[in-house]
Amino acid sequence: MEGEKKQVTVPLLLAVSVAVIGSIQFGYNTGVINAPEKIIRQFYNETLKARTGEFITDNLSTTLWSFSVAIFSVGGMIGSFSVGVFVNRFGRRNSMLIVNVLAVIGGSLMGFSKLAASFEMLIVGRLTIGLFCGLSTGLVPMYIGEISPTSLRGAFGTLHQLGVVIGILIAQVFGLEFILGSQSLWPVLLGLTIIPAVIQSIALPFCPESPRFLLINKNQEEAATEILKKLRGTDDVQQDLQEMKDESLKMMQEKKVTIPELFRSPSYRQPIIIAIVLQLSQQLSGINAVFYYSTNIFEAAGVKEPIYATIGAGVVNTVFTVVSLFLVERAGRRTLHLVGLAGMAFCAVLMTIALTLTSQIPSMSYLSIIAIFGFVAFFEVGPGPIPWFIVAELFSQGPRPAAMAVAGCSNWTSNFIIGLGFPYVQVLCGDYVFIIFVVFLALFFVFTFFRVPETRGRTFDDISKGFAGGNSQGAGSPAPEGVVTLPPSSPTEKVPMVQLNTEEAPNAPLSNV
């Protein structure tokens, strides 16, 4: 169809690409701290010796390092919880522009920490860049979801996760000792995050504000119409506008949605629980544990330079995120998430078998490598990208910022807990540690099968009506085949909007990215 061909336009691609720079920043700052660990710990030691005349103990060194890594997640928790404050006041695009100040400050603190002989600067820099990344994990999926056409929302939403894994891969490559992971250049490696922040700050003013924000939140219909025409490449944007107007009407009929209201209101309780559990399914799947274990597994397999094998896992990460990008609008979000969870559980079982038998059968270490690559691949098919953008789809404009804040905070909090707790659990469970993740993956699979709706090809209003309708018919009764009941519609076309009457309004949920 001609309308479908015109949906991917240069202004749309430009806006999405510029927004994804924030996702790359998140991935880069997640992975950049790992490669120069020994060098940075030596910097801590030398700095304190210059101040006190004594080398620090191993325990203090480990504590300082753990704090430096964990403080990033603390910043992320605070930042993600602050998303609603920014987007409601400044808008989606302007919020992304403003928070780049945090990236520049954080990058500068880390980049000049060695010159200033201050490990405190590095730690504060990690906290600041964590604040930036926490905000970005809410702002980027929200902005992309609101400017994308319904039929491409999943594919474009996956670009956030693609940006994250590309950022991690860049950090792994740049962290090689002969590039920037050396004794003299590690501050440049950490401070490099300033460059994409500057690039995004220059490019964002050329990108449009979210038309949904302009029309629904600011009541600027003319400006929203002009932006939609540019984004869609056609003058016929009445269907998009009508959908937004219907949503705006519901917002005016309902009170403002706060975070506590998300859990109190029957219309929002089910989608916010789904959003939280999907975020937990990403972090508690064991993906971070696999990367933690990977170097040891590659060494046991006789890989002379395990860092290159780890980079290889990063390449697999990136490739299968691209695969997910092309599958998400064909197979659907729910299906891909189920496939990903099941595949990860199978690979985790293989990994456990291989780890327990490697001492007796050395060749089993190669099965471990295959299991790692398979685990990473299945993660990027579903649990990696889908939780980030499906939250934006489950809520309409009103509650979307609050829901994104809660979901993002859940993700960062679970990430923080895994980072602190996994080393102790690994010592306690040994080679059987992945059995814990198999149990988690099985629980998340069951929850997804019975509670998570398919959102492919549906408008925000259509999805939220499904939850409201379900609440009016009876709480919690699962629909056939474990899917939340939603009005029937074509997977590739928008559902015609129906004018709400006063009786329907109280049950209509708001949206929040």
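Provided above is the structure to which this section pertains.
All values derive from a computational prediction rather than experimental measurement.

**Here's the deal with unusual backbone geometry**
No. 1: Of note in this structure, Ala117 is not a glycine but carries a positive phi near 50°.
No. 2: Inspection of the secondary structure assignment puts Ala117 in the loop between α6 (92–111) and α7 (119–147).
No. 3: You will see that Asn219, though not glycine, has its phi angle at about 60°, which is positive.
No. 4: Here Asn219 is to be found in the loop between α11 (211–217) and α12 (221–232).

**Some details on the packing of helix α4 (residues 58–81) against α7**
No. 1: Orientation of α4 relative to α7, taken along the N-to-C sense of each, is 30°, at an axis distance of 6 Å. Classified by the angle their axes make, α4 and α7 are roughly parallel. In the crossing of α4 with α7, the sense of the turn from one axis to the other is right-handed. On the side of α4, the interface is formed by Leu64, Phe67, Ser68, Val69, Ile71, Phe72, Gly75, Gly76, Ile78, Gly79 and Ser80, while α7 contributes Phe119, Ile123, Arg126, Leu127, Ile129, Gly130, Leu131, Cys133, Gly134, Leu135 and Thr137.
No. 2: Tallied by class, residues from the contact of α4 with α7 come to 13 nonpolar, 8 polar and 1 charged.

**Examining helix α5 (residues 83–90)**
No. 1: Looking at α5, one finds that the buried residues are Val83, Gly84, Phe86 and Val87. The arc enclosing the buried residues of α5, seen along the axis, measures out at 165°, which places them on a common side. With respect to the buried face of α5, the exposed residues turned more than 90 degrees away are Val85 and Arg89.
No. 2: Within two residues after α5, Gly91 carries a phi angle of roughly 90°, on the positive side.

**Some remarks on the pattern of salt bridges**
No. 1: Summed over all chains, the structure comprises 14 salt bridges.
No. 2: Of the charged contacts in the structure, one is a salt bridge between Glu261 and Arg264, with a shortest N-O distance of 3.5 Å. In this pair, Glu261 and Arg264 both sit in helix α14 (residues 259–264), 3 residues apart, roughly one turn of the helix.
No. 3: Overall, the relative accessible area of 13% leaves Glu261 in the buried class.

Analysis parameters
All chains use their own residue numbering, which begins from 1 and follows the written sequence. Thresholds applied to this predicted model are a pLDDT of at least 70 for local features of residues and 80 or more for the giving and counting of side-chain atom pairs; totals over whole chains, interfaces and linings are not thresholded and use all residues. Heavy atoms throughout the structure, all of them, feed into the side-chain values; hydrogens and water do not. Under the DSSP-based scheme used, a helix requires at least four consecutive residues in state H or I and a strand at least two consecutive residues in state E, with every element numbered from the N terminus. Only the stretch in contact is used when a helix axis is fitted, and all axes are lines through C-alpha atoms; the angle between N-to-C directions ranges over 0 to 180 degrees. Relative orientations are named as follows: roughly parallel for angles under 35 degrees, roughly antiparallel for angles over 145 degrees, roughly perpendicular for angles from 65 to 115 degrees, and oblique for any other angle. For any helix crossing, the convention is left-handed if the near helix is rotated counterclockwise from the far helix by under a right angle, and right-handed if that rotation is clockwise. Working rule for contacts: check all heavy atoms of both residues, and any pair within 4.5 Å makes them a contact. Each residue is assigned to one of three groups, with Ala, Val, Leu, Ile, Met, Phe, Trp, Tyr, Cys and Pro labelled nonpolar, Asp, Glu, Lys and Arg labelled charged, and all others, Gly among them, labelled polar. Exposure classes here rest on a 1.4 Å probe applied to the protein chains alone. A residue is buried below 20% of its type maximum, exposed above 50%, and partly exposed in between. Taken from the helix axis, the directions to the C-beta atoms give the arc we talk about. Basic side-chain nitrogens of Lys or Arg form a salt bridge, by our definition, when they fall within 4 Å of a carboxyl oxygen of Asp or Glu.

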